[in-house]
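# Structure at a glance
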Amino acid sequence: MKLLEGKTVLVTGASTGIGRAAAVGAAKAGADVVINYHSRDADAAACVAEIEAAGQRGLAVKGDVAAPETATEFVRKAVEAFGKVDVMVSNAGICPFHSFLDMPVETVQRTMQVNLLGGYFMCQAAANQMVQQGHGGALIAVSSISALVGGEYQTHYTPTKAGLHSLMQSTAIALGRHNIRCNSVLPGTILTEINKDDLADQEKRKYMEGRIPLGRLGEAEDLAGPIVFLASDMAAYVTGAALLVDGGAFVNLQ
Ligand SMILES: NC(=O)C1=CN([C@@H]2O[C@H](COP(=O)(O)OP(=O)(O)OC[C@H]3O[C@@H](n4cnc5c(N)ncnc54)[C@H](OP(=O)(O)O)[C@@H]3O)[C@@H](O)[C@H]2O)C=CC1
Ligand SMILES: C[C@H](O)[C@@H]1OC(=O)[C@H](O)[C@@H]1O
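Residues numbered from 1 in each chain as written. Chains lettered and ligands numbered in written order. Predicted model: local features only at pLDDT ≥ 70, side-chain atom pairs only at ≥ 80, totals over all residues. Heavy atoms only, no water.

### Remarks on the packing of aromatic side chains
To keep things clear, this is the line we draw: Note on aromatic pairs: the rings of Phe, Tyr and Trp (six-membered ring only in Trp) are paired at centre separations within 6.5 Å, and the planes decide the class, stacked below 30 degrees, edge-to-face beyond 60, tilted for the rest. Only protein chains enter the calculation, and the probe is 1.4 Å; a residue is then buried if its accessible area is under 20% of its type maximum, exposed if over 50%, and partly exposed in between.
Tallying each qualifying case throughout the model produces one aromatic pair. Relative to F121, the ring of Y120 has its centre 5.9 Å away and its plane inclined at 80°; by these criteria the two rings are edge-to-face. Overall, Y120 belongs to the partly exposed group, its relative accessible area being 40%. With a relative accessible area of 23%, F121 lands in the partly exposed category.

### Here we look at the site of ligand 2
Keep this limit in mind: Proximity criterion: a residue is near a molecule or strand once any of its heavy atoms comes within 4 Å of it. N or O atoms closer than or at 3.5 Å make up a polar contact, with two conditions inside protein: a donor-capable atom paired with an acceptor-capable one, and, for residues adjacent in sequence, both atoms drawn from side chains. Areas reported as accessible are Shrake-Rupley estimates using a 1.4 Å probe. Residue values count occlusion only from the protein chains shown. Note on residue classes: Ala, Val, Leu, Ile, Met, Phe, Trp, Tyr, Cys and Pro are nonpolar, Asp, Glu, Lys and Arg are charged, and everything else, Gly too, is polar.
Taken together, the residues surrounding ligand 2 are C95, F97, S144, S146, Q154, Y157, G188, T189, I194 and N195. S146 has a polar side-chain atom sitting 2.5 Å from an oxygen atom of ligand 2. Considered on its own, ligand 2 offers 290 Å² of accessible surface; in the complex 89% of this is hidden by protein. Here the shell around ligand 2 is built from residues that sort into four nonpolar, six polar and no charged.

### A closer look at the nonpolar core
Formally: Grouping buried Ala, Val, Leu, Ile, Met, Phe, Trp, Tyr and Cys residues that are joined through side-chain atoms within 4.5 Å yields what is termed a nonpolar core. What counts as a helix is a DSSP run of H or I of at least four residues, what counts as a strand is a run of E of at least two, and both are numbered from the N terminus. By the convention used here, residues are in contact when the closest approach between their heavy atoms is within 4.5 Å.
Judged by nonpolar contacts, the single largest core of 35 residues is most densely connected at V33, I35 and I227. In terms of residue count, the dominant contributor to this core is helix α1 (residues 17-28) (seven residues). Non-local contacts of I35, meaning those with residues more than four positions away in its chain, are made with V11, A14, A23, A44, C47, V48, I51, L59, A60, V61 and F74. Core analysis: the second largest hydrophobic core is formed by 29 residues, A66, A125, M130 and C182 among them.

### As for the site of ligand 1
With respect to spatial proximity, 33 residues lie near ligand 1, and among them S39, R40, N91, Y157 and T192 are the closest. The separation between an oxygen atom of ligand 1 and a polar main-chain atom of N91 is 2.7 Å. Note that an oxygen atom of ligand 1 is positioned 2.7 Å from one of the backbone N or O atoms of I190. Contributions of two or more residues to the shell around ligand 1 are made by α1, β2 (32-37) and α4 (105-133). Considering only residue class, the shell around ligand 1 consists of 12 nonpolar, 16 polar and five charged.

### Section: α1
Because the α-helix completes a turn every 3.6 residues, residues three or four places apart line up on one side. As a reminder, the rule being used: A helix's residues, less one, multiplied by 1.5 Å, set its expected span.
The first and last C-alpha atoms of α1 sit 17 Å apart over 12 residues, in line with the 16 Å expected at 1.5 Å per residue. Counting buried positions along α1 yields 10 of 12 residues, so the element is predominantly enclosed. Along α1, the residues that are buried comprise I18, G19, R20, A21, A22, A23, V24, G25, A26 and A27. Packing partners of the buried residues in α1 comprise β1 (8-11), β2, α2 (41-53), β5 (137-142), β6 (180-187) and α7 (224-231).

### Observations concerning α2
To be explicit about the condition: By arc we mean the arc of the directions from the helix axis to the C-beta atoms, nothing more.
The first and last C-alpha atoms of α2 sit 18 Å apart over 13 residues, in line with the 18 Å expected at 1.5 Å per residue. Listed as buried for α2 are A44, C47, V48 and I51. The buried residues of α2 occupy an angular sector of 100° when the element is viewed end-on, so they sit on one face. With respect to the buried face of α2, the exposed residues turned more than 90 degrees away are A42 and A53.

### Concerning a nonpolar patch on the surface
What counts is decided by this rule: Like charges are joined within 9 Å and nonpolar side chains (Val, Leu, Ile, Met, Phe, Trp, Tyr) within 5 Å, but only among residues with over 30% relative accessible area and no salt bridge; these make up the patches. One side-chain nitrogen of Lys or Arg within 4 Å of one carboxyl oxygen of Asp or Glu is enough to make a salt bridge.
A surface patch of nonpolar side chains, about 400 Å² in accessible area, is lined by L148, V149, L244, F250 and V251. Residue placement: L148 occurs in the loop between β5 and α5 (158-175). The class of L148 is partly exposed, set by a relative accessible area of 39%.

### Considerations on the pattern of salt bridges
Scanning the entire structure with this criterion turns up 14 salt bridges. A salt bridge links K7 to D233; the nearest nitrogen and oxygen atoms lie 3.3 Å apart. Residue K7 is found in the segment before β1, and its partner D233 is found in the loop between α7 and β7 (242-245); the two are separated by 226 residues along the sequence. A residue is classified by how much of its surface remains accessible, and D233, at 55% relative accessible area, is exposed. Among the salt bridges present, the one from D86 reaches K84, with a minimum N-O distance of 2.5 Å. Classification of D86 as buried rests on a relative accessible area of 8%. Within the structure, one salt-bridge network assembled from shared partners comprises E73, R76, K77 and E80.

So, in C-alpha coordinates, the structure goes:
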(Lines give C-alpha, C1' and ligand atoms only; values in the text may rest on other atoms or scores of the structure.)
(Ligands and ions follow the chains in the order given, each with its own letter.)
Protein backbone atom coordinates (compact mmCIF):
# COMPACT_ATOMS: atom_id res chain seq x y z
CA MET A 1 0.00 0.00 0.00
CA LYS A 2 1.33 3.43 -0.95
CA LEU A 3 1.89 6.01 1.83
CA LEU A 4 -0.89 8.39 0.77
CA GLU A 5 -3.28 5.94 -0.88
CA GLY A 6 -6.91 7.09 -0.62
CA LYS A 7 -5.99 10.59 0.53
CA THR A 8 -6.84 13.91 -1.09
CA VAL A 9 -3.94 16.34 -0.83
CA LEU A 10 -4.19 20.09 -1.50
CA VAL A 11 -1.06 22.08 -2.32
CA THR A 12 -0.90 25.86 -2.74
CA GLY A 13 1.60 27.46 -5.09
CA ALA A 14 2.19 24.29 -7.05
CA SER A 15 2.76 25.54 -10.58
CA THR A 16 6.54 25.46 -10.00
CA GLY A 17 9.23 24.68 -7.45
CA ILE A 18 8.64 23.09 -4.07
CA GLY A 19 4.84 23.08 -4.38
CA ARG A 20 4.97 21.26 -7.66
CA ALA A 21 7.48 18.71 -6.33
CA ALA A 22 5.22 18.15 -3.30
CA ALA A 23 2.14 17.72 -5.50
CA VAL A 24 3.84 15.22 -7.80
CA GLY A 25 5.43 13.46 -4.81
CA ALA A 26 2.00 13.10 -3.19
CA ALA A 27 0.55 11.68 -6.40
CA LYS A 28 3.41 9.17 -6.66
CA ALA A 29 2.57 8.20 -3.08
CA GLY A 30 -1.00 7.44 -4.15
CA ALA A 31 -2.95 10.66 -3.42
CA ASP A 32 -5.36 12.60 -5.57
CA VAL A 33 -4.05 16.16 -5.67
CA VAL A 34 -5.64 19.59 -6.04
CA ILE A 35 -3.26 22.45 -6.69
CA ASN A 36 -3.58 26.20 -6.33
CA TYR A 37 -1.42 28.61 -8.32
CA HIS A 38 -1.44 32.33 -9.13
CA SER A 39 -0.32 33.12 -12.67
CA ARG A 40 1.45 30.36 -14.60
CA ASP A 41 -1.40 28.55 -16.37
CA ALA A 42 0.84 26.34 -18.55
CA ASP A 43 3.01 25.26 -15.61
CA ALA A 44 -0.07 24.44 -13.52
CA ALA A 45 -1.46 22.34 -16.39
CA ALA A 46 1.91 20.57 -16.66
CA CYS A 47 1.79 19.79 -12.94
CA VAL A 48 -1.69 18.27 -13.30
CA ALA A 49 -0.39 16.21 -16.25
CA GLU A 50 2.42 14.88 -14.02
CA ILE A 51 -0.10 13.99 -11.30
CA GLU A 52 -2.19 12.11 -13.85
CA ALA A 53 0.91 10.41 -15.29
CA ALA A 54 1.44 9.03 -11.78
CA GLY A 55 -1.99 7.40 -12.07
CA GLN A 56 -3.90 9.81 -9.82
CA ARG A 57 -6.59 12.45 -10.28
CA GLY A 58 -5.41 16.07 -10.43
CA LEU A 59 -7.08 19.46 -10.57
CA ALA A 60 -5.70 23.00 -10.81
CA VAL A 61 -7.57 25.95 -9.28
CA LYS A 62 -6.24 29.42 -10.01
CA GLY A 63 -6.36 32.04 -7.25
CA ASP A 64 -4.44 34.62 -5.22
CA VAL A 65 -3.91 33.23 -1.71
CA ALA A 66 -3.78 36.78 -0.33
CA ALA A 67 -7.58 36.93 -0.70
CA PRO A 68 -9.38 35.00 2.08
CA GLU A 69 -12.12 33.85 -0.31
CA THR A 70 -9.50 32.05 -2.44
CA ALA A 71 -9.05 29.58 0.41
CA THR A 72 -12.74 28.73 0.87
CA GLU A 73 -13.16 28.45 -2.90
CA PHE A 74 -10.09 26.18 -3.20
CA VAL A 75 -11.37 23.83 -0.51
CA ARG A 76 -14.92 23.90 -1.92
CA LYS A 77 -13.69 22.95 -5.41
CA ALA A 78 -11.48 20.18 -4.01
CA VAL A 79 -14.43 18.65 -2.14
CA GLU A 80 -16.65 19.03 -5.19
CA ALA A 81 -14.07 17.19 -7.32
CA PHE A 82 -12.69 14.52 -4.99
CA GLY A 83 -15.12 14.42 -2.04
CA LYS A 84 -12.84 15.37 0.86
CA VAL A 85 -9.67 17.06 2.08
CA ASP A 86 -7.10 15.05 4.05
CA VAL A 87 -3.98 17.18 3.75
CA MET A 88 -3.26 20.87 3.15
CA VAL A 89 0.27 21.81 2.11
CA SER A 90 0.41 25.60 2.47
CA ASN A 91 3.35 26.48 0.27
CA ALA A 92 2.61 29.53 -1.89
CA GLY A 93 5.06 32.33 -1.24
CA ILE A 94 7.08 35.22 -2.61
CA CYS A 95 10.45 36.71 -1.68
CA PRO A 96 11.15 39.99 -3.47
CA PHE A 97 14.66 40.67 -2.13
CA HIS A 98 15.04 44.32 -1.05
CA SER A 99 17.12 46.38 1.38
CA PHE A 100 15.55 47.36 4.70
CA LEU A 101 15.90 51.14 4.99
CA ASP A 102 14.09 51.88 1.73
CA MET A 103 11.68 48.93 1.69
CA PRO A 104 8.48 49.99 -0.12
CA VAL A 105 5.38 49.75 2.07
CA GLU A 106 3.52 47.81 -0.61
CA THR A 107 6.31 45.18 -0.81
CA VAL A 108 6.06 44.56 2.93
CA GLN A 109 2.27 44.40 2.85
CA ARG A 110 2.09 42.09 -0.18
CA THR A 111 4.72 39.70 1.23
CA MET A 112 2.87 39.47 4.56
CA GLN A 113 -0.49 39.04 2.83
CA VAL A 114 0.66 36.28 0.48
CA ASN A 115 3.03 34.36 2.73
CA LEU A 116 1.50 34.66 6.18
CA LEU A 117 -2.15 35.60 5.81
CA GLY A 118 -2.45 33.37 2.74
CA GLY A 119 -1.15 30.45 4.78
CA TYR A 120 -3.43 31.31 7.67
CA PHE A 121 -6.62 31.38 5.58
CA MET A 122 -5.71 28.24 3.61
CA CYS A 123 -5.01 26.25 6.79
CA GLN A 124 -8.17 27.57 8.44
CA ALA A 125 -10.37 26.66 5.46
CA ALA A 126 -8.86 23.16 5.23
CA ALA A 127 -9.17 22.62 8.99
CA ASN A 128 -12.85 23.57 8.98
CA GLN A 129 -13.47 21.02 6.24
CA MET A 130 -11.48 18.35 8.13
CA VAL A 131 -13.39 18.99 11.37
CA GLN A 132 -16.67 18.67 9.47
CA GLN A 133 -15.49 15.37 7.93
CA GLY A 134 -14.59 14.08 11.38
CA HIS A 135 -11.63 11.85 10.55
CA GLY A 136 -8.61 14.04 11.19
CA GLY A 137 -6.06 15.32 8.74
CA ALA A 138 -2.74 17.06 8.34
CA LEU A 139 -1.67 20.65 7.78
CA ILE A 140 1.87 21.25 6.55
CA ALA A 141 3.26 24.77 6.21
CA VAL A 142 6.27 25.40 4.02
CA SER A 143 8.13 27.72 6.36
CA SER A 144 11.91 28.14 6.00
CA ILE A 145 15.30 28.07 7.64
CA SER A 146 14.55 31.81 7.56
CA ALA A 147 12.11 31.28 10.43
CA LEU A 148 15.21 30.75 12.59
CA VAL A 149 17.85 33.03 11.07
CA GLY A 150 17.84 36.44 9.40
CA GLY A 151 18.56 37.79 5.93
CA GLU A 152 19.72 41.33 5.12
CA TYR A 153 17.42 41.60 2.10
CA GLN A 154 14.61 39.53 3.62
CA THR A 155 13.41 41.72 6.53
CA HIS A 156 9.85 41.59 5.21
CA TYR A 157 10.06 37.86 4.41
CA THR A 158 11.69 36.17 7.41
CA PRO A 159 8.92 37.29 9.82
CA THR A 160 6.36 35.60 7.56
CA LYS A 161 8.29 32.33 7.77
CA ALA A 162 8.64 32.59 11.56
CA GLY A 163 4.91 33.33 11.59
CA LEU A 164 4.04 30.15 9.69
CA HIS A 165 6.23 28.10 12.02
CA SER A 166 4.40 29.66 14.98
CA LEU A 167 1.01 29.16 13.31
CA MET A 168 1.65 25.40 13.08
CA GLN A 169 2.58 25.30 16.77
CA SER A 170 -0.64 27.06 17.78
CA THR A 171 -2.92 25.15 15.40
CA ALA A 172 -1.37 21.89 16.65
CA ILE A 173 -2.88 22.78 20.03
CA ALA A 174 -6.16 24.10 18.64
CA LEU A 175 -6.73 21.09 16.38
CA GLY A 176 -5.20 18.18 18.29
CA ARG A 177 -8.58 17.17 19.70
CA HIS A 178 -9.76 16.72 16.10
CA ASN A 179 -6.74 14.56 15.27
CA ILE A 180 -5.51 17.18 12.82
CA ARG A 181 -1.72 17.24 12.89
CA CYS A 182 0.07 20.52 12.16
CA ASN A 183 3.73 20.65 11.19
CA SER A 184 6.11 22.75 9.16
CA VAL A 185 9.03 22.04 6.89
CA LEU A 186 11.95 24.47 6.94
CA PRO A 187 13.75 24.34 3.60
CA GLY A 188 17.24 25.81 3.31
CA THR A 189 18.30 27.26 -0.03
CA ILE A 190 16.49 25.40 -2.78
CA LEU A 191 17.02 26.22 -6.46
CA THR A 192 13.68 27.49 -7.77
CA GLU A 193 12.13 30.47 -9.56
CA ILE A 194 11.96 32.41 -6.28
CA ASN A 195 15.75 32.85 -6.08
CA LYS A 196 16.80 32.45 -9.72
CA ASP A 197 17.84 36.11 -10.00
CA ASP A 198 19.40 36.27 -6.54
CA LEU A 199 21.53 33.19 -7.17
CA ALA A 200 22.56 34.37 -10.65
CA ASP A 201 25.17 36.25 -8.61
CA GLN A 202 27.89 33.57 -8.77
CA GLU A 203 29.74 34.92 -5.75
CA LYS A 204 26.62 34.65 -3.58
CA ARG A 205 25.81 31.22 -4.97
CA LYS A 206 29.29 29.90 -4.14
CA TYR A 207 29.03 31.38 -0.63
CA MET A 208 25.65 29.71 -0.06
CA GLU A 209 26.96 26.36 -1.37
CA GLY A 210 29.97 26.65 0.92
CA ARG A 211 27.70 26.90 3.97
CA ILE A 212 26.09 23.53 3.32
CA PRO A 213 27.67 20.40 4.86
CA LEU A 214 26.06 18.17 2.22
CA GLY A 215 27.89 20.26 -0.39
CA ARG A 216 25.08 21.37 -2.68
CA LEU A 217 22.07 23.65 -2.86
CA GLY A 218 18.73 21.89 -2.58
CA GLU A 219 16.42 20.79 -5.39
CA ALA A 220 12.65 21.15 -5.12
CA GLU A 221 12.38 17.35 -5.10
CA ASP A 222 14.39 17.26 -1.84
CA LEU A 223 11.22 18.53 -0.12
CA ALA A 224 8.87 15.90 -1.56
CA GLY A 225 9.91 13.07 0.78
CA PRO A 226 9.70 15.10 4.02
CA ILE A 227 6.30 16.54 3.02
CA VAL A 228 4.89 13.14 2.03
CA PHE A 229 6.17 11.71 5.33
CA LEU A 230 4.48 14.44 7.41
CA ALA A 231 1.28 13.97 5.37
CA SER A 232 1.26 10.22 5.93
CA ASP A 233 0.15 7.99 8.79
CA MET A 234 3.85 7.21 9.39
CA ALA A 235 3.83 10.60 11.14
CA ALA A 236 0.65 9.81 13.12
CA TYR A 237 2.18 11.01 16.42
CA VAL A 238 4.04 14.00 14.97
CA THR A 239 2.40 17.38 15.52
CA GLY A 240 3.72 20.86 16.27
CA ALA A 241 7.07 19.84 14.81
CA ALA A 242 9.38 21.72 12.45
CA LEU A 243 11.59 19.70 10.10
CA LEU A 244 14.70 21.41 8.71
CA VAL A 245 15.45 20.29 5.13
CA ASP A 246 18.58 22.31 4.47
CA GLY A 247 21.52 19.97 3.84
CA GLY A 248 22.80 20.92 7.31
CA ALA A 249 23.13 24.67 6.62
CA PHE A 250 21.53 25.77 9.90
CA VAL A 251 23.90 23.89 12.20
CA ASN A 252 27.03 24.96 10.31
CA LEU A 253 28.55 27.65 12.50
CA GLN A 254 32.22 26.77 11.89
N1 LIG B 1 13.47 28.17 -2.76
C2 LIG B 1 13.94 28.29 -1.52
O3 LIG B 1 15.16 28.38 -1.29
C4 LIG B 1 13.00 28.30 -0.37
C5 LIG B 1 11.64 28.46 -0.53
N6 LIG B 1 10.83 28.46 0.58
C7 LIG B 1 9.40 28.63 0.43
O8 LIG B 1 8.88 27.66 -0.44
C9 LIG B 1 7.67 28.13 -0.99
C10 LIG B 1 7.67 27.83 -2.48
O11 LIG B 1 8.67 28.59 -3.11
P12 LIG B 1 9.57 28.06 -4.31
O13 LIG B 1 9.09 26.77 -4.78
O14 LIG B 1 10.97 28.20 -3.90
O15 LIG B 1 9.30 29.22 -5.37
P16 LIG B 1 8.55 29.28 -6.77
O17 LIG B 1 8.64 30.71 -7.17
O18 LIG B 1 9.08 28.25 -7.71
O19 LIG B 1 7.05 28.89 -6.44
C20 LIG B 1 6.17 29.79 -5.85
C21 LIG B 1 4.77 29.28 -6.06
O22 LIG B 1 3.87 30.11 -5.32
C23 LIG B 1 2.86 30.57 -6.17
N24 LIG B 1 2.39 31.87 -5.74
C25 LIG B 1 3.08 33.02 -5.61
N26 LIG B 1 2.27 34.01 -5.20
C27 LIG B 1 1.04 33.46 -5.08
C28 LIG B 1 -0.23 33.95 -4.72
N29 LIG B 1 -0.40 35.23 -4.38
N30 LIG B 1 -1.29 33.10 -4.73
C31 LIG B 1 -1.13 31.80 -5.08
N32 LIG B 1 0.04 31.27 -5.43
C33 LIG B 1 1.11 32.09 -5.44
C34 LIG B 1 3.48 30.61 -7.55
O35 LIG B 1 2.42 30.59 -8.53
P36 LIG B 1 2.60 31.25 -10.02
O37 LIG B 1 4.02 30.96 -10.43
O38 LIG B 1 1.58 30.54 -10.82
O39 LIG B 1 2.36 32.70 -9.88
C40 LIG B 1 4.31 29.33 -7.51
O41 LIG B 1 3.50 28.23 -7.78
C42 LIG B 1 7.58 29.61 -0.64
O43 LIG B 1 6.67 29.79 0.41
C44 LIG B 1 8.99 29.95 -0.19
O45 LIG B 1 8.99 30.99 0.74
C46 LIG B 1 11.32 28.30 1.83
C47 LIG B 1 12.64 28.14 2.04
C48 LIG B 1 13.59 28.14 0.96
C1 LIG C 1 14.41 32.82 -1.51
C2 LIG C 1 15.63 32.40 -0.73
O3 LIG C 1 16.65 32.08 -1.59
C4 LIG C 1 15.31 31.23 0.09
O5 LIG C 1 14.12 31.45 0.78
C6 LIG C 1 14.26 31.12 2.03
O7 LIG C 1 13.33 31.01 2.77
C8 LIG C 1 15.65 30.93 2.39
O9 LIG C 1 16.09 32.09 3.00
C10 LIG C 1 16.34 30.73 1.09
O11 LIG C 1 17.58 31.30 1.03
